[in-house]
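As a plain string of letters, each chain reads:
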Amino acid sequence: MIYAEIKTEDAKGTYLAHSINSHKGRLSKGHHLTPSDINDLLMSDITTITTIRLEEHDIHEDLAAAQLGKFVSGKGVKTSLAFTGRCNIYSTEHGVFKTTPQDIDKINSVDEAITLATLSPYSVVHPDQLVATAKIIPLAAPSQALEQTKGLAQLTVHPFKRFKTGLILTRLPQTKKSVLAKTQMVVNQRLKSCANELSETTIVDHTPTAIATAINTLRKSNYDLILIFGASAIVDRQDALPKGLELSDGDIEHFGMPVDPGNLLLLGNHSGCKIIGLPGCARSPKLNGFDWILQRILAGLNVNRNTIMQMGCGGLLSEIPTRPQPREKIPSEISHNAPKVTAILLAAGQSRRMGPENKLLQKWHGKPLVKWVADNIGESQVDHTIVVTGHEAKLVQETLSQNDVEYIHNPDFADGLSTSLIKGLMAVPADSDAVLICLGDMPSINSTQLNQLIKAYDPENGAAICVPTFEGKRGNPVLWNRNFIPEMLNLKGDSGARHLLGNYPSDLQEVVMNNTSVLSDIDTPEALSTLRKTGFIK
(Lines give C-alpha, C1' and ligand atoms only; values in the text may rest on other atoms or scores of the structure.)
Protein backbone atom coordinates (compact mmCIF):
# COMPACT_ATOMS: atom_id res chain seq x y z
CA MET A 1 0.00 0.00 0.00
CA ILE A 2 1.06 3.55 -0.73
CA TYR A 3 0.03 5.87 2.11
CA ALA A 4 0.35 9.54 1.21
CA GLU A 5 -1.14 12.99 1.37
CA ILE A 6 -1.99 13.98 -2.19
CA LYS A 7 -3.89 16.59 -4.12
CA THR A 8 -7.63 15.92 -4.07
CA GLU A 9 -7.83 16.19 -7.84
CA ASP A 10 -5.38 13.27 -8.17
CA ALA A 11 -7.21 10.97 -5.70
CA LYS A 12 -9.56 9.14 -8.06
CA GLY A 13 -9.48 5.37 -7.39
CA THR A 14 -7.68 5.65 -4.06
CA TYR A 15 -9.09 4.91 -0.60
CA LEU A 16 -9.54 7.41 2.19
CA ALA A 17 -7.07 6.84 5.02
CA HIS A 18 -9.29 8.83 7.42
CA SER A 19 -12.93 9.85 7.51
CA ILE A 20 -13.66 13.30 6.13
CA ASN A 21 -16.67 15.64 5.88
CA SER A 22 -17.75 17.34 2.68
CA HIS A 23 -20.68 19.67 2.13
CA LYS A 24 -22.74 16.64 1.08
CA GLY A 25 -21.96 14.53 4.12
CA ARG A 26 -19.36 12.28 5.69
CA LEU A 27 -17.07 9.94 3.74
CA SER A 28 -15.81 7.08 5.91
CA LYS A 29 -12.33 5.70 6.29
CA GLY A 30 -11.67 3.19 3.53
CA HIS A 31 -14.14 4.81 1.13
CA HIS A 32 -13.24 4.25 -2.53
CA LEU A 33 -13.07 7.72 -4.05
CA THR A 34 -15.09 8.30 -7.24
CA PRO A 35 -15.04 11.31 -9.58
CA SER A 36 -18.24 12.52 -7.91
CA ASP A 37 -16.54 12.36 -4.50
CA ILE A 38 -13.58 14.34 -5.84
CA ASN A 39 -15.90 17.08 -7.10
CA ASP A 40 -17.75 17.26 -3.77
CA LEU A 41 -14.48 17.55 -1.85
CA LEU A 42 -13.14 20.27 -4.14
CA MET A 43 -16.42 22.18 -3.82
CA SER A 44 -15.91 21.97 -0.04
CA ASP A 45 -12.46 23.61 -0.44
CA ILE A 46 -10.67 20.38 0.52
CA THR A 47 -7.65 20.49 -1.76
CA THR A 48 -5.47 17.77 -0.19
CA ILE A 49 -6.40 14.46 1.43
CA THR A 50 -4.59 11.47 2.91
CA THR A 51 -5.21 8.34 0.88
CA ILE A 52 -4.08 4.82 0.36
CA ARG A 53 -3.43 3.39 -3.08
CA LEU A 54 -3.40 -0.39 -3.40
CA GLU A 55 -0.45 -2.00 -5.10
CA GLU A 56 -0.46 -5.13 -7.23
CA HIS A 57 0.14 -7.52 -4.34
CA ASP A 58 -2.47 -5.91 -2.05
CA ILE A 59 -5.93 -7.37 -1.38
CA HIS A 60 -8.64 -4.97 -0.24
CA GLU A 61 -9.63 -5.37 3.42
CA ASP A 62 -13.15 -6.69 2.74
CA LEU A 63 -12.01 -9.25 0.20
CA ALA A 64 -9.12 -10.31 2.44
CA ALA A 65 -11.37 -10.68 5.49
CA ALA A 66 -13.86 -12.71 3.47
CA GLN A 67 -11.11 -15.02 2.24
CA LEU A 68 -9.71 -15.50 5.74
CA GLY A 69 -13.20 -16.30 7.02
CA LYS A 70 -13.61 -18.88 4.27
CA PHE A 71 -10.20 -20.42 4.97
CA VAL A 72 -10.96 -21.09 8.64
CA SER A 73 -14.65 -22.06 8.43
CA GLY A 74 -15.41 -25.73 8.96
CA LYS A 75 -18.63 -27.59 9.72
CA GLY A 76 -21.23 -25.91 11.88
CA VAL A 77 -20.28 -22.30 11.10
CA LYS A 78 -21.15 -19.65 8.51
CA THR A 79 -19.64 -16.31 7.52
CA SER A 80 -21.23 -12.89 7.14
CA LEU A 81 -20.57 -10.44 4.35
CA ALA A 82 -17.32 -8.63 5.02
CA PHE A 83 -17.59 -4.96 5.94
CA THR A 84 -14.92 -2.44 6.95
CA GLY A 85 -12.33 -5.20 6.87
CA ARG A 86 -14.26 -7.52 9.18
CA CYS A 87 -15.83 -10.89 8.46
CA ASN A 88 -17.87 -12.30 11.34
CA ILE A 89 -18.24 -16.05 11.74
CA TYR A 90 -21.38 -17.48 13.33
CA SER A 91 -22.49 -20.85 14.61
CA THR A 92 -25.20 -22.72 12.72
CA GLU A 93 -25.66 -25.28 15.50
CA HIS A 94 -26.43 -25.66 19.19
CA GLY A 95 -23.32 -27.42 20.33
CA VAL A 96 -19.67 -27.06 21.29
CA PHE A 97 -17.30 -24.70 19.50
CA LYS A 98 -13.91 -26.22 18.76
CA THR A 99 -10.61 -24.85 17.61
CA THR A 100 -6.98 -25.10 18.66
CA PRO A 101 -5.32 -22.10 20.33
CA GLN A 102 -1.95 -22.97 18.78
CA ASP A 103 -3.51 -22.85 15.29
CA ILE A 104 -5.11 -19.47 15.95
CA ASP A 105 -1.69 -18.23 17.13
CA LYS A 106 -0.18 -19.40 13.84
CA ILE A 107 -2.63 -17.31 11.84
CA ASN A 108 -2.08 -14.24 13.98
CA SER A 109 1.68 -14.64 13.60
CA VAL A 110 1.67 -14.58 9.79
CA ASP A 111 1.36 -10.82 9.33
CA GLU A 112 0.31 -7.93 11.55
CA ALA A 113 -2.37 -6.99 9.01
CA ILE A 114 -4.21 -10.29 9.54
CA THR A 115 -6.03 -11.10 12.79
CA LEU A 116 -8.46 -13.76 13.94
CA ALA A 117 -10.25 -13.64 17.32
CA THR A 118 -12.43 -16.49 18.59
CA LEU A 119 -14.43 -17.64 21.56
CA SER A 120 -12.64 -19.90 24.02
CA PRO A 121 -12.34 -23.47 22.72
CA TYR A 122 -15.16 -25.79 23.82
CA SER A 123 -17.61 -22.97 24.51
CA VAL A 124 -21.29 -23.95 24.27
CA VAL A 125 -22.86 -21.95 21.44
CA HIS A 126 -26.24 -21.53 19.77
CA PRO A 127 -27.33 -20.91 16.16
CA ASP A 128 -26.44 -17.41 14.95
CA GLN A 129 -24.09 -16.82 17.88
CA LEU A 130 -20.84 -15.03 17.01
CA VAL A 131 -17.92 -17.44 17.46
CA ALA A 132 -15.09 -15.59 15.70
CA THR A 133 -14.19 -12.49 13.75
CA ALA A 134 -11.59 -12.17 11.00
CA LYS A 135 -10.29 -8.59 10.88
CA ILE A 136 -7.84 -6.96 8.52
CA ILE A 137 -6.19 -4.12 10.45
CA PRO A 138 -5.15 -1.73 7.63
CA LEU A 139 -7.10 -1.19 4.42
CA ALA A 140 -5.47 -4.12 2.66
CA ALA A 141 -3.49 -7.28 3.32
CA PRO A 142 -0.55 -8.71 1.40
CA SER A 143 -1.81 -11.48 -0.90
CA GLN A 144 1.16 -13.73 -0.11
CA ALA A 145 0.58 -13.45 3.65
CA LEU A 146 -3.12 -14.17 3.25
CA GLU A 147 -2.36 -17.28 1.23
CA GLN A 148 -0.09 -18.51 4.04
CA THR A 149 -3.06 -18.63 6.43
CA LYS A 150 -4.84 -21.23 4.30
CA GLY A 151 -5.07 -24.53 6.14
CA LEU A 152 -3.54 -23.26 9.39
CA ALA A 153 -6.72 -23.41 11.47
CA GLN A 154 -10.30 -24.60 11.31
CA LEU A 155 -13.29 -23.48 13.33
CA THR A 156 -16.07 -26.02 13.86
CA VAL A 157 -19.20 -26.40 15.95
CA HIS A 158 -20.11 -29.94 16.95
CA PRO A 159 -23.90 -30.17 17.47
CA PHE A 160 -25.26 -31.87 20.55
CA LYS A 161 -26.43 -35.42 19.91
CA ARG A 162 -29.26 -37.22 21.65
CA PHE A 163 -28.02 -39.60 24.34
CA LYS A 164 -30.09 -42.08 26.30
CA THR A 165 -28.96 -41.01 29.75
CA GLY A 166 -29.56 -42.64 33.10
CA LEU A 167 -28.85 -41.24 36.56
CA ILE A 168 -27.93 -43.33 39.59
CA LEU A 169 -28.34 -41.60 42.95
CA THR A 170 -26.95 -43.28 46.06
CA ARG A 171 -28.26 -42.76 49.57
CA LEU A 172 -27.09 -43.13 53.13
CA PRO A 173 -29.40 -43.39 56.15
CA GLN A 174 -29.14 -39.63 56.75
CA THR A 175 -29.72 -38.64 53.09
CA LYS A 176 -32.79 -36.41 52.74
CA LYS A 177 -35.32 -37.00 49.98
CA SER A 178 -35.24 -33.28 49.20
CA VAL A 179 -31.49 -33.49 48.46
CA LEU A 180 -32.06 -36.38 46.06
CA ALA A 181 -34.88 -34.50 44.33
CA LYS A 182 -32.79 -31.34 43.95
CA THR A 183 -29.82 -33.33 42.62
CA GLN A 184 -31.99 -34.99 39.99
CA MET A 185 -33.46 -31.62 38.97
CA VAL A 186 -30.06 -29.90 38.65
CA VAL A 187 -28.60 -32.78 36.63
CA ASN A 188 -31.60 -32.79 34.31
CA GLN A 189 -31.35 -29.03 33.79
CA ARG A 190 -27.71 -29.44 32.79
CA LEU A 191 -28.73 -32.03 30.24
CA LYS A 192 -31.54 -29.81 28.93
CA SER A 193 -29.08 -26.98 28.37
CA CYS A 194 -27.30 -29.39 26.02
CA ALA A 195 -30.45 -30.53 24.16
CA ASN A 196 -30.82 -33.73 26.21
CA GLU A 197 -32.73 -34.96 29.23
CA LEU A 198 -32.76 -37.80 31.72
CA SER A 199 -34.49 -40.98 30.63
CA GLU A 200 -34.41 -42.71 34.00
CA THR A 201 -33.32 -42.11 37.60
CA THR A 202 -32.49 -44.95 40.00
CA ILE A 203 -31.95 -44.53 43.74
CA VAL A 204 -29.83 -47.20 45.45
CA ASP A 205 -27.88 -47.70 48.65
CA HIS A 206 -24.37 -46.26 48.81
CA THR A 207 -22.63 -49.63 48.44
CA PRO A 208 -20.43 -51.05 45.67
CA THR A 209 -22.81 -53.98 45.12
CA ALA A 210 -25.93 -51.81 44.76
CA ILE A 211 -24.12 -49.44 42.40
CA ALA A 212 -22.83 -52.34 40.26
CA THR A 213 -26.34 -53.79 39.97
CA ALA A 214 -27.76 -50.42 38.91
CA ILE A 215 -25.05 -49.93 36.26
CA ASN A 216 -25.67 -53.38 34.75
CA THR A 217 -29.43 -52.83 34.73
CA LEU A 218 -29.04 -49.60 32.75
CA ARG A 219 -26.54 -51.17 30.35
CA LYS A 220 -28.98 -53.98 29.57
CA SER A 221 -31.40 -51.25 28.48
CA ASN A 222 -28.76 -49.84 26.10
CA TYR A 223 -28.12 -46.55 27.87
CA ASP A 224 -25.48 -44.40 26.13
CA LEU A 225 -24.42 -42.39 29.18
CA ILE A 226 -24.67 -43.23 32.88
CA LEU A 227 -24.23 -40.56 35.55
CA ILE A 228 -23.65 -41.56 39.17
CA PHE A 229 -24.12 -39.10 42.02
CA GLY A 230 -22.92 -40.46 45.33
CA ALA A 231 -24.35 -39.62 48.74
CA SER A 232 -20.77 -38.76 49.71
CA ALA A 233 -17.86 -37.51 47.63
CA ILE A 234 -15.43 -39.94 45.98
CA VAL A 235 -12.12 -39.73 47.84
CA ASP A 236 -10.21 -42.72 46.44
CA ARG A 237 -10.31 -45.39 43.74
CA GLN A 238 -11.34 -47.84 46.47
CA ASP A 239 -14.43 -45.79 47.35
CA ALA A 240 -17.99 -47.06 46.75
CA LEU A 241 -18.54 -45.54 43.28
CA PRO A 242 -15.29 -46.68 41.60
CA LYS A 243 -15.53 -50.11 43.28
CA GLY A 244 -19.11 -50.43 42.08
CA LEU A 245 -18.01 -49.62 38.53
CA GLU A 246 -15.34 -52.32 38.67
CA LEU A 247 -17.78 -54.86 40.16
CA SER A 248 -20.06 -54.25 37.18
CA ASP A 249 -17.16 -55.22 34.88
CA GLY A 250 -16.63 -51.59 33.89
CA ASP A 251 -13.30 -49.79 33.73
CA ILE A 252 -11.99 -46.70 35.52
CA GLU A 253 -10.42 -44.43 32.90
CA HIS A 254 -9.40 -41.64 35.28
CA PHE A 255 -10.11 -40.32 38.76
CA GLY A 256 -9.75 -36.63 39.58
CA MET A 257 -9.30 -33.59 37.37
CA PRO A 258 -7.25 -30.36 37.47
CA VAL A 259 -10.42 -28.24 37.55
CA ASP A 260 -11.73 -26.48 40.63
CA PRO A 261 -14.56 -26.85 41.49
CA GLY A 262 -14.85 -30.38 40.14
CA ASN A 263 -11.69 -32.11 41.38
CA LEU A 264 -13.38 -35.32 42.53
CA LEU A 265 -14.77 -36.53 39.20
CA LEU A 266 -14.60 -40.13 38.05
CA LEU A 267 -14.50 -41.05 34.37
CA GLY A 268 -15.21 -44.64 33.44
CA ASN A 269 -16.45 -46.92 30.69
CA HIS A 270 -18.71 -49.94 30.54
CA SER A 271 -18.91 -51.81 27.22
CA GLY A 272 -18.68 -48.58 25.21
CA CYS A 273 -20.91 -46.53 27.52
CA LYS A 274 -19.36 -43.56 29.29
CA ILE A 275 -19.76 -43.57 33.08
CA ILE A 276 -19.29 -40.36 35.05
CA GLY A 277 -19.08 -40.21 38.82
CA LEU A 278 -20.13 -36.66 39.62
CA PRO A 279 -18.29 -34.38 42.06
CA GLY A 280 -20.33 -33.01 44.94
CA CYS A 281 -20.18 -29.45 43.55
CA ALA A 282 -22.45 -30.57 40.67
CA ARG A 283 -25.42 -30.23 43.05
CA SER A 284 -25.07 -26.49 42.44
CA PRO A 285 -25.90 -24.92 39.04
CA LYS A 286 -22.57 -23.10 39.24
CA LEU A 287 -20.06 -23.99 36.51
CA ASN A 288 -17.74 -26.85 37.47
CA GLY A 289 -15.55 -29.49 35.86
CA PHE A 290 -18.46 -31.86 35.28
CA ASP A 291 -20.00 -29.32 32.88
CA TRP A 292 -16.90 -29.40 30.68
CA ILE A 293 -16.92 -33.19 30.50
CA LEU A 294 -20.68 -33.49 29.94
CA GLN A 295 -20.81 -30.86 27.19
CA ARG A 296 -18.03 -32.48 25.18
CA ILE A 297 -19.46 -35.98 25.49
CA LEU A 298 -22.94 -34.83 24.41
CA ALA A 299 -21.37 -33.07 21.40
CA GLY A 300 -19.81 -36.35 20.32
CA LEU A 301 -16.25 -35.31 21.15
CA ASN A 302 -13.76 -37.82 22.47
CA VAL A 303 -13.16 -37.52 26.22
CA ASN A 304 -10.46 -39.61 27.86
CA ARG A 305 -7.70 -39.42 30.47
CA ASN A 306 -5.58 -37.09 28.32
CA THR A 307 -8.55 -34.79 27.75
CA ILE A 308 -8.98 -34.34 31.48
CA MET A 309 -5.30 -33.85 32.24
CA GLN A 310 -5.13 -31.01 29.70
CA MET A 311 -7.87 -28.98 31.41
CA GLY A 312 -5.68 -27.40 34.08
CA CYS A 313 -4.94 -24.15 32.23
CA GLY A 314 -8.14 -22.18 32.78
CA GLY A 315 -9.37 -24.86 35.17
CA LEU A 316 -9.63 -22.50 38.16
CA LEU A 317 -13.28 -21.65 37.63
CA SER A 318 -13.89 -19.67 40.81
CA GLU A 319 -12.45 -16.22 41.39
CA ILE A 320 -10.87 -16.80 44.79
CA PRO A 321 -8.45 -14.23 46.32
CA THR A 322 -6.73 -16.84 48.48
CA ARG A 323 -7.26 -20.57 48.21
CA PRO A 324 -7.36 -21.98 51.76
CA GLN A 325 -6.22 -25.44 52.74
CA PRO A 326 -8.78 -28.19 52.10
CA ARG A 327 -11.78 -27.93 54.41
CA GLU A 328 -10.31 -24.80 56.05
CA LYS A 329 -12.87 -22.10 56.74
CA ILE A 330 -12.54 -19.05 54.51
CA PRO A 331 -11.96 -15.87 56.56
CA SER A 332 -15.10 -13.74 56.73
CA GLU A 333 -13.37 -10.69 55.27
CA ILE A 334 -12.83 -12.46 51.94
CA SER A 335 -15.72 -14.88 51.79
CA HIS A 336 -18.21 -12.50 50.16
CA ASN A 337 -16.53 -10.79 47.23
CA ALA A 338 -18.74 -8.40 45.31
CA PRO A 339 -20.08 -10.20 42.23
CA LYS A 340 -19.49 -8.79 38.78
CA VAL A 341 -22.95 -8.02 37.43
CA THR A 342 -24.01 -7.27 33.87
CA ALA A 343 -27.39 -5.61 33.34
CA ILE A 344 -29.42 -6.34 30.22
CA LEU A 345 -31.78 -3.45 29.51
CA LEU A 346 -34.53 -4.62 27.15
CA ALA A 347 -35.48 -1.64 24.96
CA ALA A 348 -36.52 -3.26 21.68
CA GLY A 349 -40.30 -3.70 21.90
CA GLN A 350 -42.94 -2.07 19.72
CA SER A 351 -45.13 -0.88 22.64
CA ARG A 352 -48.33 -2.10 20.94
CA ARG A 353 -50.46 -1.57 24.05
CA MET A 354 -49.27 2.04 24.30
CA GLY A 355 -50.60 2.88 20.84
CA PRO A 356 -48.59 4.65 18.13
CA GLU A 357 -46.15 6.20 20.61
CA ASN A 358 -42.96 4.45 21.70
CA LYS A 359 -43.56 4.12 25.44
CA LEU A 360 -39.85 4.06 26.23
CA LEU A 361 -39.46 7.57 24.83
CA GLN A 362 -42.41 9.02 26.73
CA LYS A 363 -41.30 11.58 29.32
CA TRP A 364 -41.76 11.55 33.05
CA HIS A 365 -40.42 14.47 35.06
CA GLY A 366 -38.80 15.73 31.86
CA LYS A 367 -36.90 12.54 31.05
CA PRO A 368 -37.77 9.54 28.80
CA LEU A 369 -38.70 6.37 30.68
CA VAL A 370 -35.82 4.36 29.23
CA LYS A 371 -33.40 7.12 30.25
CA TRP A 372 -34.61 6.80 33.85
CA VAL A 373 -33.91 3.07 33.79
CA ALA A 374 -30.46 3.45 32.23
CA ASP A 375 -29.50 6.21 34.69
CA ASN A 376 -30.64 4.16 37.68
CA ILE A 377 -28.62 1.19 36.49
CA GLY A 378 -25.61 3.44 35.95
CA GLU A 379 -25.80 4.69 39.53
CA SER A 380 -25.96 1.16 40.95
CA GLN A 381 -23.23 -1.43 41.57
CA VAL A 382 -23.79 -2.95 38.10
CA ASP A 383 -20.47 -3.28 36.29
CA HIS A 384 -21.63 -3.31 32.67
CA THR A 385 -24.89 -2.53 30.86
CA ILE A 386 -26.09 -4.03 27.58
CA VAL A 387 -28.99 -2.24 25.91
CA VAL A 388 -30.91 -4.39 23.42
CA THR A 389 -32.52 -2.23 20.74
CA GLY A 390 -35.05 -3.04 18.03
CA HIS A 391 -38.03 -0.77 17.37
CA GLU A 392 -36.84 2.80 16.73
CA ALA A 393 -33.31 1.77 17.69
CA LYS A 394 -31.73 5.03 16.53
CA LEU A 395 -34.03 7.13 18.74
CA VAL A 396 -33.32 4.92 21.75
CA GLN A 397 -29.56 5.25 21.18
CA GLU A 398 -29.84 9.02 20.83
CA THR A 399 -31.78 9.14 24.11
CA LEU A 400 -29.02 7.18 25.88
CA SER A 401 -26.10 8.86 24.12
CA GLN A 402 -24.65 10.09 27.42
CA ASN A 403 -24.86 6.69 29.16
CA ASP A 404 -21.92 4.30 29.30
CA VAL A 405 -23.63 1.28 27.74
CA GLU A 406 -23.11 -1.33 25.04
CA TYR A 407 -25.73 -1.63 22.29
CA ILE A 408 -26.89 -4.91 20.77
CA HIS A 409 -29.47 -4.68 17.99
CA ASN A 410 -32.18 -7.31 17.62
CA PRO A 411 -33.59 -7.27 14.07
CA ASP A 412 -36.13 -9.94 15.12
CA PHE A 413 -37.67 -7.86 17.94
CA ALA A 414 -41.17 -8.28 16.47
CA ASP A 415 -40.96 -12.04 17.18
CA GLY A 416 -41.20 -11.53 20.91
CA LEU A 417 -39.35 -10.51 24.05
CA SER A 418 -37.39 -13.77 24.16
CA THR A 419 -35.50 -12.87 20.98
CA SER A 420 -34.23 -9.66 22.57
CA LEU A 421 -33.33 -11.40 25.82
CA ILE A 422 -31.34 -14.05 23.92
CA LYS A 423 -29.44 -11.38 21.97
CA GLY A 424 -28.49 -9.69 25.22
CA LEU A 425 -27.49 -12.93 26.95
CA MET A 426 -25.19 -13.87 24.08
CA ALA A 427 -23.28 -10.62 24.64
CA VAL A 428 -22.74 -11.04 28.39
CA PRO A 429 -18.98 -10.85 29.12
CA ALA A 430 -17.36 -14.14 30.10
CA ASP A 431 -16.17 -12.75 33.43
CA SER A 432 -19.63 -11.71 34.64
CA ASP A 433 -20.95 -13.64 37.63
CA ALA A 434 -24.58 -12.68 37.27
CA VAL A 435 -27.08 -11.04 34.92
CA LEU A 436 -29.69 -8.47 35.95
CA ILE A 437 -32.56 -8.45 33.46
CA CYS A 438 -34.18 -5.00 33.39
CA LEU A 439 -37.25 -3.78 31.52
CA GLY A 440 -37.10 -0.40 29.82
CA ASP A 441 -40.58 0.58 31.02
CA MET A 442 -39.93 0.43 34.80
CA PRO A 443 -38.48 3.91 35.49
CA SER A 444 -39.21 4.17 39.22
CA ILE A 445 -36.90 1.35 40.34
CA ASN A 446 -33.95 3.18 41.85
CA SER A 447 -30.31 2.27 42.27
CA THR A 448 -30.76 1.43 45.97
CA GLN A 449 -33.24 -1.30 45.07
CA LEU A 450 -30.93 -2.67 42.40
CA ASN A 451 -28.12 -2.78 44.95
CA GLN A 452 -30.39 -4.68 47.35
CA LEU A 453 -30.68 -7.46 44.77
CA ILE A 454 -26.93 -7.51 44.19
CA LYS A 455 -26.22 -7.58 47.93
CA ALA A 456 -28.59 -10.54 48.39
CA TYR A 457 -26.88 -12.55 45.65
CA ASP A 458 -25.04 -15.51 47.22
CA PRO A 459 -25.17 -18.63 45.00
CA GLU A 460 -23.17 -20.74 47.42
CA ASN A 461 -25.90 -20.31 50.02
CA GLY A 462 -29.08 -20.74 48.04
CA ALA A 463 -29.35 -17.27 46.48
CA ALA A 464 -28.39 -17.87 42.85
CA ILE A 465 -31.58 -16.09 41.71
CA CYS A 466 -32.70 -12.90 43.44
CA VAL A 467 -36.28 -11.69 42.91
CA PRO A 468 -37.73 -8.43 44.30
CA THR A 469 -41.10 -8.64 46.07
CA PHE A 470 -43.65 -6.23 47.49
CA GLU A 471 -46.33 -7.51 49.86
CA GLY A 472 -45.62 -11.07 48.72
CA LYS A 473 -45.85 -10.40 44.98
CA ARG A 474 -42.81 -11.02 42.82
CA GLY A 475 -41.66 -8.31 40.43
CA ASN A 476 -38.76 -7.17 38.28
CA PRO A 477 -35.85 -6.96 37.66
CA VAL A 478 -34.52 -10.45 38.42
CA LEU A 479 -30.85 -11.21 39.07
CA TRP A 480 -29.66 -14.58 37.70
CA ASN A 481 -26.44 -16.52 38.18
CA ARG A 482 -24.75 -16.76 34.76
CA ASN A 483 -25.02 -20.57 34.87
CA PHE A 484 -28.71 -20.22 34.00
CA ILE A 485 -27.86 -18.51 30.70
CA PRO A 486 -27.69 -21.74 28.60
CA GLU A 487 -31.24 -22.62 29.62
CA MET A 488 -32.51 -19.09 29.00
CA LEU A 489 -31.05 -19.20 25.48
CA ASN A 490 -33.76 -21.77 24.65
CA LEU A 491 -36.65 -19.39 25.42
CA LYS A 492 -39.28 -18.86 22.73
CA GLY A 493 -41.95 -16.32 21.87
CA ASP A 494 -42.93 -13.34 23.98
CA SER A 495 -42.17 -14.84 27.39
CA GLY A 496 -39.16 -13.99 29.48
CA ALA A 497 -37.33 -16.21 31.92
CA ARG A 498 -39.73 -15.82 34.86
CA HIS A 499 -41.37 -19.21 34.30
CA LEU A 500 -38.00 -20.82 35.09
CA LEU A 501 -38.21 -19.61 38.69
CA GLY A 502 -40.44 -22.53 39.61
CA ASN A 503 -37.75 -24.98 38.57
CA TYR A 504 -35.25 -23.69 41.14
CA PRO A 505 -36.99 -23.12 44.48
CA SER A 506 -33.85 -23.98 46.45
CA ASP A 507 -31.76 -21.41 44.52
CA LEU A 508 -34.24 -18.54 44.75
CA GLN A 509 -33.98 -15.64 47.19
CA GLU A 510 -36.88 -13.20 47.52
CA VAL A 511 -35.77 -9.65 48.35
CA VAL A 512 -38.44 -7.53 50.03
CA MET A 513 -38.80 -3.97 48.70
CA ASN A 514 -40.47 -1.01 50.39
CA ASN A 515 -42.69 0.21 47.53
CA THR A 516 -44.60 -0.95 44.45
CA SER A 517 -42.00 0.17 41.89
CA VAL A 518 -40.86 -3.42 41.26
CA LEU A 519 -44.42 -4.35 40.25
CA SER A 520 -45.11 -1.34 38.01
CA ASP A 521 -44.35 -1.55 34.30
CA ILE A 522 -45.65 1.27 32.12
CA ASP A 523 -47.18 -0.45 29.11
CA THR A 524 -50.48 1.41 28.58
CA PRO A 525 -51.53 5.09 28.34
CA GLU A 526 -53.47 4.59 31.58
CA ALA A 527 -50.38 3.31 33.42
CA LEU A 528 -48.34 6.27 32.14
CA SER A 529 -51.06 8.68 33.26
CA THR A 530 -51.11 7.11 36.71
CA LEU A 531 -47.33 7.38 36.96
CA ARG A 532 -47.41 11.05 36.05
CA LYS A 533 -50.12 11.75 38.64
CA THR A 534 -48.26 10.10 41.49
CA GLY A 535 -45.40 12.58 41.31
CA PHE A 536 -43.13 9.82 42.59
CA ILE A 537 -39.49 10.50 41.89
CA LYS A 538 -36.39 8.97 43.43
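All values reported here derive from a predicted model rather than from experimental measurement. Per chain, residues are indexed from 1 in the order of the written sequence. Per-residue local features are limited, in this predicted model, to residues with pLDDT of at least 70; the limit for side-chain atom pairs, both in listing and counting, is 80 or more; totals at the level of whole chains, interfaces and linings are taken over all residues. Note that water and hydrogens are dropped before the side-chain values are worked out from all heavy atoms of the structure.

Moving on: the packing of helix H6 (residues 208–220) against helix H7 (residues 240–247). To obtain an axis, a line is fitted to C-alpha atoms, over the contacting stretch when the element is a helix, and the angle between two such axes runs from 0 to 180 degrees between their N-to-C directions. Numbering of helices and strands runs from the N terminus; a helix is a DSSP stretch of H or I covering at least four residues, while a strand is a stretch of E covering at least two. Relative to each other, H6 and H7 sit at 50°, their axes nearing to 7 Å. Between H6 and H7, the angle falls in the class oblique. Considering only the axes of H6 and H7, their crossing is right-handed. When H6 is examined against H7, the residues Pro 208, Thr 209, Ile 211, Ala 212 and Ile 215 are found in contact with a partner set consisting of Ala 240, Leu 241, Lys 243, Gly 244, Leu 245 and Leu 247. Here the nonpolar group is Ala, Val, Leu, Ile, Met, Phe, Trp, Tyr, Cys and Pro; Asp, Glu, Lys and Arg are the charged ones; every other residue, Gly included, is treated as polar. Considering only residue class, the contact of H6 with H7 consists of eight nonpolar, two polar and one charged. Any angle that is under 35 degrees is reported as roughly parallel, and any over 145 degrees as roughly antiparallel; angles of 65 to 115 degrees are reported as roughly perpendicular and all others as oblique. Crossing handedness follows the turn of the near helix against the far one: under a right angle anticlockwise gives a left-handed crossing, and clockwise gives a right-handed one. In what follows, a contact means two residues having at least one pair of non-hydrogen atoms within 4.5 Å.

This paragraph deals with the pattern of salt bridges. When a carboxyl oxygen of Asp or Glu is within 4 Å of a side-chain nitrogen of Lys or Arg, the pair counts as a salt bridge. Counted by the stated rule, this structure contains 13 salt bridges. Linking Asp 205 and Arg 171 is a salt bridge whose minimum nitrogen-to-oxygen distance equals 3.3 Å. You can see Asp 205 sitting in strand S16 (residues 198–205) and its partner Arg 171 sitting in strand S15 (residues 165–171), a full 34 residues away along the chain. For Asp 205, a relative accessible area of 41% translates into the label partly exposed. The classification of residues rests on relative accessible area computed with a 1.4 Å probe and restricted to protein chains. Under 20% of the type maximum is buried, over 50% is exposed, and intermediate values are partly exposed. Look at Arg 171 and you get partly exposed, because its relative accessible area is 39%. The partner of Lys 243 in a salt bridge is Glu 246, and the shortest N-O contact between them spans 4.0 Å. With Lys 243 and Glu 246 both in helix H7 and three residues apart, the pair spans about one turn of that helix. A network of salt bridges, in which partner residues are shared, links Lys 367, Lys 371 and Asp 375.

Function cannot be read off these values alone, since they describe shape.
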